[in-house]
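Listed below, chain by chain, are the residues.
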Amino acid sequence: MSPSVLVTGAAGQIGTELVRVLRKKYGTEGVTATDKVVRPGSGPGTIVPLDVTDRASVERAFREHAIDTVYHLAAVLSALGEENPDLAWDVNMKGLKNVLDSSAATGVRRLFWPSSIGVFGPDAPKMLAPQDAPLNPTTMYGVTKVAGELLCRYYSLKHDLDVRSLRYPGLISSEAKPGGGTTDYAVEIFYSALKSRAYTCFLRQDTALPMMYMPDALRATVQLMEADRSSVKLHGGYNLSAMSFTPAELSSEIQKRIPGFSVAYAPDQRQKIADSWPMSIDDSAARRDWGWKPEYDLPSMAADMLARLGSRLQTQKDV
Ligand SMILES: NC(=O)c1ccc[n+]([C@@H]2O[C@H](COP(=O)([O-])OP(=O)(O)OC[C@H]3O[C@@H](n4cnc5c(N)ncnc54)[C@H](O)[C@@H]3O)[C@@H](O)[C@H]2O)c1
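Everything in this summary refers to the structure shown in the same document. (Residues numbered from 1 in each chain as written. Predicted model: local features only at pLDDT ≥ 70, side-chain atom pairs only at ≥ 80, totals over all residues. Heavy atoms only, no water.)

All right, on to the sheet that holds strand S11 (residues 209-213) then. Read from one edge of the open sheet, 3 strands run S9-S11-S13, paired in mixed fashion. Unpaired on one side and paired on the other, strand S9 (170-172) and strand S13 (243-245) mark the two borders of the sheet. Each strand of the sheet is rotated relative to its neighbour by a mean of 45°, with strand direction disregarded. Of the strand pairs in this sheet, S9 and S11 are connected by 3 bridges, and their pairing is parallel. Of the residues in S11, the one forming a bridge with Ile-172 is Tyr-213. Together, S9 and S11 form the strand contacts of helix H7 (residues 214-226), whose direction differs from that of S11 by roughly 80°. (Pairing = 2+ DSSP bridges. Helix = DSSP H or I, 4+ residues; strand = E, 2+ residues; numbered from the N terminus. Axes fitted to C-alpha atoms, helices over the stretch in contact; angles between N-to-C directions. Contact = heavy atoms within 4.5 Å.)

The subject of this paragraph is the pattern of salt bridges. Scanning the entire structure with this criterion turns up 20 salt bridges. Ionic pairing is found between Arg-164 and Asp-162, a salt bridge with its closest N-O pair at 2.8 Å. Since its relative accessible area comes to 1%, Asp-162 is described here as buried. Across the salt bridge formed by Glu-253 and Arg-257, the nearest N and O atoms sit 3.1 Å from each other. (Salt bridge = Lys/Arg side-chain N within 4 Å of Asp/Glu carboxyl O. Buried < 20%, exposed > 50% of the residue type's maximum accessible area, 1.4 Å probe, protein only.)

In this section: the side chain of Thr-183. Structurally, Thr-183 is set in the loop between S9 and helix H6 (185-195). Residue class for Thr-183 comes out buried when judged on its relative accessible area of 9%.

What follows deals with the packing of aromatic side chains. In this description, a pair of aromatic rings is defined by centroid distance and the angle of the planes. Going through the model one piece at a time under the given rule, you end up with 7 aromatic pairs. Between Tyr-71 and Phe-112, the ring centres sit 5.9 Å apart and the planes meet at 45°, which makes this aromatic pair tilted. Highlighted residues: Tyr-71 in strand S4 (residues 69-72) and Phe-112 in strand S5 (residues 110-112), separated in sequence by 41 residues. The class for Phe-112 is buried, based on a relative accessible area of 0%. (Phe/Tyr/Trp six-rings, centres within 6.5 Å; stacked < 30°, edge-to-face > 60°.)

It is worth spelling out the sheet that holds strand S6 (residues 115-116) at this point. Pairing is parallel across the open sheet formed by 3 strands, whose spatial order is S6-S8-S12. Sheet topology places S6 and strand S12 (238-239) at the edges, where each strand pairs with a single neighbour. The pairing of strand S8 (residues 166-168) with S12 spans 2 bridges and is classified as parallel. Looking across to S12, one finds that Arg-167 is bridged to Asn-239. Strands in contact with H7 are S8 and S12; relative to S8, the strand with the most contacts, it is inclined by about 175°.

So far we have only geometry, and geometry alone does not tell us how the molecule works.
Printed below as a string of structure tokens:
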């Protein structure tokens, strides 16, 4: 029997594409997409208003749609969270606790909640940060992700809730634009390359960070959620990795396909956040436990992004 799914934060960068994938698998009726902000004409189709900081509304939505599987994506991301730490705490912590409590109260079976490479701080190994590296983040976003991982583990023990989680790296997508993260440059740069042949990057050219193309992130999410329960050993957050690159390496990959594209560098406050994160991630636990394997590397991701965005730019004005 198909699960009855609810997605929070469905109008965001991940939600827009994940809802389409889930609706293809389980049918439009089987997937209730929700978000606090419902922007007409954007997102993955029908979206129901739901503010995750309102506990009563969350529980009501779960009951109303007889939900048994939740993808809880609503959050405030790293760069936005540093500008507004109170909002980040409120949405990320209160929102997660409301979703966990409502899940336990209404009999939700399985919950997906994304963690992030933001859980790591400057004391984690820079290269191939292991699954069990120290988690001492220096951003409010990272604090909420570490506390969130602990909370998810607690609810999976105390309420037998099947919580599954991935520490996503920076995600690159050709559909929805990113919403206030430190790795957003890796999406912006493609729009600028195609539109104006020039880009000013807010990170230094040698800032290596772990990254992933959205099709891989969607596949990892569905694969983890469909994995046999016995193979999912971690309920806090699996390290997940595909590629690592610097702005200079991404620029030169784009320049191979768009000669004349020029990039300048003007690091801002996001540089400090990037400097506190690892350059690459060891995801051997995900590979071992449920068979994770990425498909896209830097050249294949850049080629696909340029092809998809390029053809959309030709048909639409506002991309
Ligand atoms: N995109 C990435 O690179 C990345 C990397 C690591 C982890 N993640 C995690 O994945 C999840 C989704 O990220 P995203 O990139 O889609 O983010 P996004 O910012 O694009 O989307 C988040 C969505 O949450 C919604 N939202 C905000 N406050 C809300 C509230 N109170 N109630 C309901 N909805 C609310 C926003 O309207 C937005 O549509 C987050 O938990 C994020 O931390 C993302």
